[in-house]
Each structure stands twice: as structure tokens, then as C-alpha cells.
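Now for the letters of each chain:
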Amino acid sequence: MTTGREPLRPVLYDDAADRVRLLDQRRLPDEERWLALETVDEVVDAIKTLAVRGAPAIGVAAGYALACAARRGAGPRELAAAAERLTGARPTAVNLAWAVRRMSARFADEPAALLREAHAIRDEDEAACRRIGALGAELLPREAQILTHCNAGALATAGYGTALGVVRSAFEQGKGRMVFADETRPFLQGARLTAWELHRDGIPVTVLTDGMAGWLMQRGEIGCVVVGADRIAATGDVANKIGTYALAVLAAHHRIPFYVAAPWSTVDLATATGGDIPIEERASDEVVMLAGQRIAPAGVKARYPAFDVTPAALVTAIVTERGVVRAPHAEGLRALARL
């Protein structure tokens with residue numbers, strides 16, 4: 001399957017205006033609106049408010065934000081303060097801190113060096129996604145009916161996608177049949193974003209509410225689960241969008257393969273276990289409000305842990321651009337780290 005369309009890349013650098021350009025994911029699927037951001041604080045706000053989201057994509061955005069700041073005259077001390085603000089924008093996604101650390105190593109260099117580093121982060125991520133897609137597609141059965149959660153597609157990366165990179169590669173090989181996309185409350189990344197980009201590329205997609213997957217698994221309508229990750233601990237425990245853990249439990253009960261697709265930059269061997277991963281709690285209004293309308297009684301409390309942690313024991317395989325890791329995951333990740 002090939003669409004002939006230009007690949008979707010949600011984070012760009014505008015060389016002529018020296019700005020970061022972001023596809024505003026809050027407006028999708030109704031409007032394709034691009035933001036033109038000139039300052040680090042504008043990019044921090046875009047990350048916090050989910051105008052740009054997905055662990056690799058926010059890392060790319062942070063890289064370009066720091067490069068722009070350097071090109072506009074910021075010195076090492078100002079860049080270090082900006083780096084701290086960027087890192088704190090979303091604490092769970094390790095790619096953000098990884099990209100900022102990589103840029104920080106260039107703060108004493110000329111601004112052109114920072115821009116080259118930001119371009120390298122972007123280019124390497126898209127190449128990693130395409131390699132992940134090729135490796136992951138080999139794991140999927142022919143005529144696969146694939147369930148995914150949240151959005152781990154081109155919108156969440158520099159381009160192509162991690163979990164959806166696997167999906168794209170599988171369909172290009174003629175192996176895919178249908179993608180089921182969980183709606184992913186409360187931000188609806190599945191219904192708004194995954195469905196939008198798969199439909200855009202001509203890949204058949206069906207949206208499910210978050211509570212439907214178990215029933216479809218019981219009926220034999222789902223052949224595998226493929227999700228992304230925001231951080232992978234040394235044990236192979238995986239932090240991903242809230243609701244992922246429940247899918248992993250369901251998949252294990254129904255003996256359905258559960259695959260995690262993520263670039264090596266998402267693997268954090270310095271985090272010993274999933275219990276050590278900081279979990280971002282977002283505002284309760286994001287749960288009780290939908291499209292600007294309150295859907296719960298006034299005065300009722302809500303919680304929004306944005307991520308959960310899936311134990312390695314529930315993960316069939318982790319697919320990175322360096323290779324595929326199966327149990328024992330900790331041993332496999334250590335082996336890939338030596339490559």
C-alpha cells in the first residue's frame with residue numbers, strides 16, 4: 001500500500017523566519033493549523049497544552065526551540081535556563097529530557113552547531129521510526145487486525161510513527177487488514193489523531209471506545225496490540241498513555257501478542273523499574289470537560305493520571321530501531337545498549 005502523499009511531519013524548522021512550526025494537534029481533525037513559534041516559552045506552552053505531543057515529537061520541538069534561541073542571541077546561561085523549562089514541561093516522556101541533554105552539550109558552540117544538532121535529532125528519529133516499522137511488521141500475521149491506543153503515529157514523532165510505523169509497514173507489505181483505534185479519553189488522541197492520519201493515508205481504521213477492546217478480543221476480532229511508549233525502564237516496564245496497562249492485561253488473558261514500538265531514545269536504563277517513572281497528573285478539567293462542555297455534575301472531582309505503567313511480564317516484545325527484545329527484557333535491553 002502506498003498513498004503517494006507527502007509524509008506527515010508535525011514539527012518543522014522555518015529557516016527563512018527562524019521559527020519552529022508545529023501542526024496544532026488540538027485543532028485536528030477539523031482544522032490543519034500550523035503554529036509559528038519564536039521563543040522557548042512559546043514551545044514550552046505548546047508542549048504543556050498538547051499542541052504538540054508524543055515523546056519523540058516533543059523532543060524534536062525542544063531541539064529546535066533551543067536552536068532558535070541560540071540563533072537569536074541566547075548565551076549558554078540563558079540556554080541552560082531554557083533547557084530546564086523545556087525538560088519540566090512533561091516529566092514522563094524521557095525523549096524530551098534526552099533531546100534537551102543532547103542539545104545542552106552544544107551550548108558553548110556556535111548557533112549553527114545547535115541547529116545542525118536539532119536537524120540530526122529530527123532526521124534520526126524519522127529513520128528510527130522507519131526501521132522500527134520494518135522490524136515490527138515482521139512480527140505481525142498476515143490479514144492482521146491490529147488494536148492501538150492513543151497516537152503513536154507520525155503526529156507523535158518526527159515522521160512515520162512508532163506503533164503506526166509498524167502498522168504502515170505492515171500495510172505496505174500487504175499484511176494488514178484493519179486497525180482498531182481506541183478513542184483514548186479524555187484527550188481523544190485515538191479518535192481525533194490516529195483515525196485522522198490513518199484515514200489520510202488510506203489505511204482502514206475503526207474507532208472504539210476505550211471499554212470495547214475486551215469484548216472484541218473475546219470474539220477473536222483482534223489479532224495483536226501495538227502501542228508506543230513514553231519511557232521504558234531498565235526492566236522493560238513501559239510507561240504509555242493511561243489505559244495501556246488495561247489493554248496489556250486483556251491481551252494476556254486472551255493470549256494476544258502485545259507489542260511496544262519505540263525509538264531507543266525512549267529506553268531509560270537509568271530508571272530501574274516502572275515504579276520509578278514519574279507519572280504526570282493533569283488537570284481534572286480535562287476529564288470533566290469535553291469540547292468545551294461540562295459532562296459531569298459541577299463540584300464532582302476527577303483525576304487524570306496521563307500515563308500508566310505496563311509491567312514487562314505483560315509485554316510480548318519491545319521493538320526499537322536497534323532490534324527486537326523479548327523476555328527476559330532487562331537482559332535484551334542491556335544487550336542492545338552495547339550496540
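Presented here is an overview of the structure given in this document. Keep in mind that what you see is a predicted model, and the values were worked out from it rather than measured.

### Notes on the environment of H149
- Within the secondary structure layout, H149 lies in the loop between strand 4 (144-148) and helix 6 (163-172).
- Taking the C-alpha atoms as reference points, H149 and G54, separated by 95 residues in sequence, lie 12 Å from one another.
- With residues up to four places along the chain from it excluded, the contact list for H149 reads D182, T184, D210, V226, V227, K241, I242, G243, T244 and L247.
- Only 3.0 Å separates the side chain of H149 from the side chain of D182, close enough to count as a polar contact.
- For H149, the side chain forms a polar contact with the main-chain oxygen of I242, separated by 2.9 Å.

### So, unusual backbone geometry
- Cis geometry marks the peptide bond from L28 to P29; its omega dihedral reads 5°.
- Mapped onto the fold, P29 is located in the loop between strand 2 (19-23) and strand 3 (34-37).
- With an omega of 5°, the peptide bond between R185 and P186 qualifies as cis.
- When you line up the elements, P186 lands in the loop between strand 5 (176-182) and helix 7 (189-200).
- Phi at C150 is positive, roughly 60°, even though this residue is not glycine.
- Tracing the backbone through its elements, the reader meets C150 in the loop between strand 4 and helix 6.
- Given a relative accessible area of 7%, C150 falls into the buried group.
- Even without a glycine there, the phi angle at R255 is positive, about 55°.
- Overall, the relative accessible area of 76% leaves R255 in the exposed class.

### Overview of the nonpolar core
- Counting 42 residues, the largest nonpolar core has V11 and L86 as the members making the most contacts within it.
- Counting residues per element, this core draws most heavily on helix 2 (residues 55-71), at 13 residues.
- Within the second largest apolar cluster, 27 residues are counted, among which are I222, L247, W264 and L333.

### Some remarks on empty space enclosed by the protein
- Enumeration over the complete set of coordinates arrives at 2 cavities of 30 Å³ or more.
- Size it by volume and the largest cavity reaches roughly 220 Å³.
- Lining the largest cavity are 25 residues, with R53, G54, A55, N151 and D230 positioned closest to its centre.
- For the lining of the largest cavity, the elements supplying multiple residues, two or more each, are helix 2 and strand 9 (238-241).
- It is helix 2 that contributes the most residues to the lining of the largest cavity, 3 residues altogether.
- In this model, the second largest cavity occupies a volume close to 40 Å³.
- Residue lining of the second largest cavity: G136, L139, L140, V166, V226, Y259, V260, A261 and V319, and that is the complete set.

Criteria and cut-off values
Residues numbered from 1 in each chain as written. Predicted model: local features only at pLDDT ≥ 70, side-chain atom pairs only at ≥ 80, totals over all residues. Heavy atoms only, no water. Helix = DSSP H or I, 4+ residues; strand = E, 2+ residues; numbered from the N terminus. Contact = heavy atoms within 4.5 Å. Polar contact = N/O pair within 3.5 Å; in protein donor to acceptor, adjacent residues only side chain to side chain. Buried < 20%, exposed > 50% of the residue type's maximum accessible area, 1.4 Å probe, protein only. Core = buried A, V, L, I, M, F, W, Y, C linked by side-chain atoms within 4.5 Å. 1 Å grid on protein atoms, 1.4 Å probe; cavity = no way out; pocket = protein on both sides within 12 Å on 5 of 7 lines; lining within 4 Å. Points joined across faces, edges and corners; volume = space filled by probe spheres on them.

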